[in-house]
Amino acid sequence: MAEASTRKAKRKNRTLKTQDLELDRFDSLPWNSSLPQPTENDDNSFSLFTGSNELEGGFLSLEEIDEAEYGLDIPDPENHDRKHNSKQDKKLNNQKQDGACSDGETVKDESTKSKVKKKKKKKSKDAKENQKVQHSNTGAAADVKDTAGEENIDENEYYAWNELRLHPLLMKAIHKLGFKEPTPIQKACIPAAAHQGKDVIGAAETGSGKTLAFGLPIFQRLLEERDKAANMDSEKGEEAEKVSPTGLLRSLIIAPTRELALQVKDHLEKVAKHINVKVTAIVGGILPEKQQRLLKARSEIVVATPGRLWELMSSGEKHLVELHSLSFFVLDEADRMVQNGHFKELQSIIDMLPMSNIPGEDNSQDAQNCVTVSSFQRKKRQTLVFSATVALSADFRKKLKRGSMQKKQPSTDSLDSIENLSERAGMRPNAAIIDLTNPSILAAKIEESFIECTEDNKDAHLYYILTVHGQGRTIVFCTSIAALRHISSILRILGTNVWTLHAQMQQRARLKAMDRFRENDNGILVATDVAARGLDIPGVRTVVHYQLPHSAEVYVHRSGRTARASAEGCSIALISPKDTSKFASLCKSFSKDSFQRFPLKNSYMPEVLKRLSLARQIDKITRKDSQEKAEKSWFDRNACSVDLVTENYDSEEEQVNKCRQKKASSKQLKKLQTELSMLISRPLQSKTFSHRYLAGAGVTPLLQEQLQQLTRQKLSDRQGAVFGKKGKLVVIGQDCVDALHALRSAGEEVRMDIKDSTRQKNTVNSKRKRKVEKTRNFVVIAYLFLPYYLFIYLFLPAVGNSLYVFSGLRDQRKKQKRKQNQEDEEE
Ligand SMILES: Nc1ncnc2c1ncn2[C@@H]1O[C@H](COP(=O)(O)OP(=O)(O)OP(=O)(O)O)[C@@H](O)[C@H]1O
């Protein structure tokens, strides 16, 4: 017995020794801290991570952070592979494991595994303590305890995220969002921006998740710094604030429109709330005082439109001008920023950024200017530039490759290209260019189509699309506000749920319209290009281009409001004869020679046109009426402001006439409205639809099925079967198929003969040229012959006249002479 116990003790000792050796081996392995330690003479200005390979070091790998600590089971790649192996493989593995019992090495492996487990447990314990310290010290660490073990996550589903080595808290947030795998742009950007600390120029199709592609690296870095700070804090105490400064602006994201900025903020907030990071949006149209109040929360991330941001910056808003701790400068929809020289403010904002990125540049001035900020903070700003339609010149790409980026230019330079913008924002050499756009730059899942019609018939076709194929949300894009007002008014009269969005609207109304549109599953938004970029509204099934945009980029962004993330959708362009050449050049820029013609059932058109004609008449009367009212109120207001007493100078007869006209028009209006509401009250039926006999083209398979069901059930319910007074069947159903399905089932591929249309365009142009030339020649000839004409018209008549006068005088003289002679003879 005693012998057995000594043997047991010896075995135990041996095991412990091996364990210690293993632990020592682990301890001797190099461990990369999340962030490099700042050194005094560290002048590699922007490299966050040291090491020959940019991929190595600098991030907390999943092994280093104990995922269990964050209430999260992150799948182990090996595990995943094993789970995905075939049954045969599993058997083989089992056999191997069985056989391995006798194999010394495998035993060692097993024991190593158990030691690693123990080591992990130990680490987990340490990390827990660490976490507590971090929590109590910074007060900002996320509360990770509450959710520990409460989620039931299928590890395999989220495996793809694992490869991106994101912070466990971020992984948890991603699980909560339900994003099973990263999108391609996220896969490409996260390693470059989050782990290699690179600047990034990213381009990917619309709806491909670019917001998180720049958002996740920001969060990753903030979390890494926070962890690092907690570690340092426990070790040294005073250093932590330098590594992870609290209450300072760490990331500035600029978006071109207010809606987009608010949306980006909402999107980031969905992740940020799980990791205790604050995000604030600064946009125009809201009281600056209110935003100043918001900024008092000292958020780490600010998403802003350039105008309001600059307004607050130039007024010296403290949180926005303390930029030396800024780690990320992001430009979303960057190509929009450089269009039409729109954003002068952007230049000023960029000029405010501390420039510490340029290699070899002496940053001592900056250092002197910000004595309170450690060199560590000054060195790490990353510039991220994103859009779905970034076009970079080959020259710029070469420049980035060569690392010969320019120094910051004086403020007189304009930001007319992404190149200038990036250079000026301090984009570092060797920035990663991630261009995942396809040659056509159109998102792959959007079905593009068109309808040829006259300018006058656009309304009818639009109404047809919305009524017959109006399932899901639809966005109708116009180029001009006048067109937007016209169609939204007509559509409202026609009883459709329409909201509008354009730049002249008050911000509150804009937001309200967006909210209402989001709430309604079949809502219709009529918008100008202010809604073309970035807006992410789920369930948008169709985009209609009522008027074609001025550029191919805008077309791409407009169409990109549908088919976002994993959804599908279709875009329909209404092409009138005057749009043909524009459309052809659009097709050319998308390298597409064929577009689908959207299928139309012309049998619906008579009914559509009938309703439309009534709606137009109603619109005309109401418009006239409201115009008169507006004019009157304008006149009264102005008269009142100058204390003028207004009197009616109309005669009694005129007043009676006016009154009569008003009455007649309101009577007419009522009549039209009743007629229209009667038409609208029944579903739009094709002309071939028989109200008495359900046969012909009006009976779709869907309708047939409905009818069969009704017959089977012998439905006596009048509401369901809607029988007329005489028991005559009036309306049962309508063949409503959404636009995408209609297009797929019947769309006709039409080759856009670009050459032909270019030829046509050229012929038209040459005809016009010839005409102009002819006119010019005529003018030249006329000019040349002017003296002759003058001669003919002025001089000749004068000569003629004088000849006439002269001859008259001669005759007179002759007559006089003859008279005298006669008189003389008589004498
Ligand atoms: N990994 C993911 N898996 C699934 N859905 C995702 C993922 N990442 C983002 N999304 C969703 O995809 C949608 C589009 O994302 P986002 O708005 O970032 O696209 P975008 O590329 O910026 O589009 P745009 O170019 O039009 O601005 C959003 O609803 C977002 O929640």
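Each chain has its residues counted from 1, running along the sequence as written. Predicted model: local features are reported for residues with pLDDT of at least 70 only, side-chain atom pairs are reported and counted for 80 or more only, and whole-chain, interface and lining totals are derived from all residues. Working from all heavy atoms in the structure, the side-chain values ignore hydrogens and water.

1. Section: the confidence of the model for the protein chain
To keep it simple, the criterion reads: Confidence per residue, as judged by the predictor, is encoded in pLDDT with a range of 0 to 100. By the convention used here, residues are in contact when the closest approach between their heavy atoms is within 4.5 Å.
Scored by pLDDT, the protein chain has a mean of 73; 63% of the residues are at 70 or more. Confidence drops under a pLDDT of 50 for residues 689-698, and excluding neighbours within four residues, the segment shows 18 contacts in the predicted structure. Confidence drops under a pLDDT of 50 for residues 719-734, and excluding neighbours within four residues, the segment shows 34 contacts in the predicted structure.

2. Regarding a positive patch on the surface
The criterion, for reference: A residue counts toward a patch only above 30% relative accessible area and without a salt bridge, and it is joined to like-charged neighbours within 9 Å or, for Val, Leu, Ile, Met, Phe, Trp and Tyr, to nonpolar neighbours within 5 Å. We get accessible surface area from the Shrake-Rupley algorithm with a probe of 1.4 Å; when it comes to residues, only the shown protein chains can shield them. The rule for a salt bridge is simple: a side-chain nitrogen of Lys or Arg has to be within 4 Å of a carboxyl oxygen of Asp or Glu. Charge counting follows a simple rule: Lys and Arg are positive, Asp and Glu are negative, and His as well as the terminal groups are ignored. Think of each charge as sitting on NZ of Lys, CZ of Arg, CG of Asp or CD of Glu. Comment: elements are numbered from the N terminus, with helices defined as DSSP H or I runs of at least four residues and strands as E runs of at least two.
Where like charges cluster on the molecular surface, the positive patch consists of K290, R293, K296, R508, K512 and R516. Elements represented by at least two residues in the positive patch include exactly α11 (288-295) and α22 (507-519). Residue placement: R508 occurs in helix α22.

3. Section: the pattern of salt bridges
Here is the rule: Each residue is assigned to one of three classes by its accessible area relative to the maximum for its type, calculated with a 1.4 Å probe on protein chains only: buried under 20%, partly exposed between the two thresholds, exposed over 50%.
Evaluated as defined, the whole model comprises 25 salt bridges. Here R428 and D199 are joined by a salt bridge, their closest N and O atoms 2.8 Å apart. Of this pair, R428 sits in the loop between α19 (418-424) and β7 (432-435) while D199 sits in the loop between α7 (184-195) and β1 (200-203); the two residues are 229 residues apart in sequence, bridging distant segments of the chain. Classification of R428 by relative accessible area gives buried; the value is 8%. A residue is classified by how much of its surface remains accessible, and D199, at 2% relative accessible area, is buried. Salt bridges sharing common partners tie together R221, E225 and R250.

4. Some details on the site of the ligand
Cut-off, in case you're wondering: Each residue is tested against the molecule or strand, and it is near if at least one of its non-hydrogen atoms lies within 4 Å. N or O atoms closer than or at 3.5 Å make up a polar contact, with two conditions inside protein: a donor-capable atom paired with an acceptor-capable one, and, for residues adjacent in sequence, both atoms drawn from side chains. Lining residues are defined by having an atom within 4 Å of a point belonging to a cavity or pocket. Those points lie on a 1 Å grid over the protein atoms alone, cavities being sets where a 1.4 Å probe fits but cannot get out and pockets being open sets with protein on both sides within 12 Å along at least five of seven lines. In this description, a molecule resides in a pocket or cavity if more than half of its atoms sit within 2 Å of the grid points defining it. Each residue receives one of three labels: charged for Asp, Glu, Lys and Arg, nonpolar for Ala, Val, Leu, Ile, Met, Phe, Trp, Tyr, Cys and Pro, and polar for the others, Gly being one of them.
Neighbouring residues of the ligand: 21 residues in total, closest G207, K210, T211, D536 and R564. Contact between the ligand and G207: an oxygen atom at 2.8 Å from a main-chain N or O atom of the residue. Calculation on the ligand without its partners gives an accessible area of 640 Å², and the protein chains cover 87% of this total. When each cavity is represented as a set of grid points, the ligand is found to reside in the second largest pocket. In terms of residue class, the shell around the ligand is made up of five nonpolar, nine polar and seven charged.

5. Side note on a negative patch on the surface
A contiguous patch of negative charge, built from E823, D824, E825, E826 and E827, is present on the exposed surface. For D824, the location among the structural elements is in helix α30 (residues 754-826). Looking at D824, the relative accessible area reads 48%, which means it is partly exposed.

6. Comments concerning the packing of helix α6 (residues 168-177) against helix α10 (residues 258-275)
Put simply, the rule reads: Axis definition: a line fitted to C-alpha atoms, limited for helices to the stretch in contact. Angles are taken between N-to-C directions and run from 0 to 180 degrees. Each angle receives one of four descriptions, namely roughly parallel if under 35 degrees, roughly antiparallel if over 145, roughly perpendicular if within 65 to 115, and oblique otherwise. Each crossing is labelled by how the near helix is turned from the far one, with a counterclockwise turn of less than a right angle marking it left-handed and a clockwise turn marking it right-handed.
Where α6 contacts α10, the two axes come as close as 9 Å, and the packing angle between them is 130 degrees. As far as their axial angle goes, α10 and α6 are oblique. Between α6 and α10 lies a crossing whose hand is right-handed. Note on element contacts: α10 touches α6 through K270, V271, H274 and I275, opposite L169, L170, A173, K176 and L177. The residue makeup of the contact of α6 with α10, split by class, is six nonpolar, one polar and two charged.

7. What about the sheet that holds β7?
Rules: Any two strands between which DSSP finds at least two bridges are classified as paired.
If you walk across this open sheet you meet the seven strands as β3-β4-β2-β5-β6-β1-β7, and the pairing is parallel. The open sheet terminates on both sides in strands that have one partner only, identified here as β3 (279-282) and β7. Looking at each pair of strands side by side, their axes are set apart by 15 degrees on average, direction ignored. Pairing between strand β2 (residues 251-254) and strand β4 (residues 301-304): four bridges, direction parallel. Counterpart to L252 in the pairing with β4 is V302. Its contacts with the sheet put α11 on β3 and β4, and the angle it makes with β3 is roughly 160 degrees.

8. Some remarks on α10
Counted only if it meets this: Multiply 1.5 Å by the residue count of a helix minus one, and that product is the helix's expected span. To get the bend at any residue, fit one axis to the seven residues that end at it and another to the seven that begin at it, then take the angle between the two axes.
Taking 1.5 Å of rise per residue, 18 residues should cover 26 Å, and α10 covers 25 Å from first to last C-alpha, within 8% of that figure. At E269, α10 shows its maximal kink, close to 35 degrees. Extensive coverage of α10 is indicated by the burial of 13 of its 18 residues.

9. Re the packing of aromatic side chains
In plain terms, the rule: Only Phe, Tyr and Trp rings take part, Trp by its six-membered ring, and two of them pair if their centres are within 6.5 Å. Stacked means planes under 30 degrees apart, edge-to-face means over 60, and tilted covers everything else. Charge-over-ring contacts are defined here by two conditions on Lys NZ or Arg CZ: a distance within 6 Å of the ring centre and an angle within 35 degrees of the ring normal.
Evaluation of the coordinates by the stated rule reveals four aromatic pairs. The interplanar angle of 55 degrees and the centroid separation of 5.5 Å between the aromatic rings of F214 and F386 together place this pair among those described as tilted. Remark: F386 occurs in strand β6 (residues 382-387) and F214 occurs in helix α8 (residues 210-235); sequence separation between them is 172 residues. A residue is classified by how much of its surface remains accessible, and F214, at 0% relative accessible area, is buried. An angle of 50 degrees between the planes, with centres 5.5 Å apart, marks the rings of F450 and F583 as tilted. With F450 in strand β8 (residues 446-452) and F583 in helix α24 (residues 580-589), the pair connects residues that are 133 residues apart, well separated along the chain. Of the two residues, F450 and F583, both sit in the buried class. For K458, the ring lying beneath its charged end belongs to Y546, and the centroid distance is 5.7 Å.

10. Details of the nonpolar core
Counted only if it meets this: Among buried residues, those of type Ala, Val, Leu, Ile, Met, Phe, Trp, Tyr and Cys that are joined through side-chain atoms within 4.5 Å constitute a nonpolar core.
Core analysis: the biggest nonpolar cluster contains 47 residues, and F219 and I301 have the highest contact counts within it. If sequence neighbours within four positions are ignored, I301 has contacts with I218, F219, L222, L249, S251, I253, L268, V277, K278, V279 and T280. L484, L491, M605 and L676 belong to the second largest nonpolar core, which has 43 residues in total.

11. Side note on helix α23 (residues 552-559)
Of all eight residues making up α23, seven are buried, and the element is well covered by its neighbours. Inspection of α23 places A552, V554, Y555, V556, H557, R558 and S559 among the buried residues, and these make up the whole buried set.

12. Considerations on the layout of surface pockets
Which entries qualify depends on this criterion: Grid points are joined across faces, edges and corners, and a volume is the space filled by probe spheres set on the points.
Put simply, the second largest pocket is a space of about 1100 Å³. Contributing to the lining of the second largest pocket are 48 residues, with G207, S208, G209, R564 and A565 lying nearest its centre. Of all the secondary-structure elements, those providing two or more residues to the lining of the second largest pocket are α7, α8, α10 and β12 (540-545). Residues that form the lining of the second largest pocket fall into these classes: 18 nonpolar, 15 polar and 15 charged.

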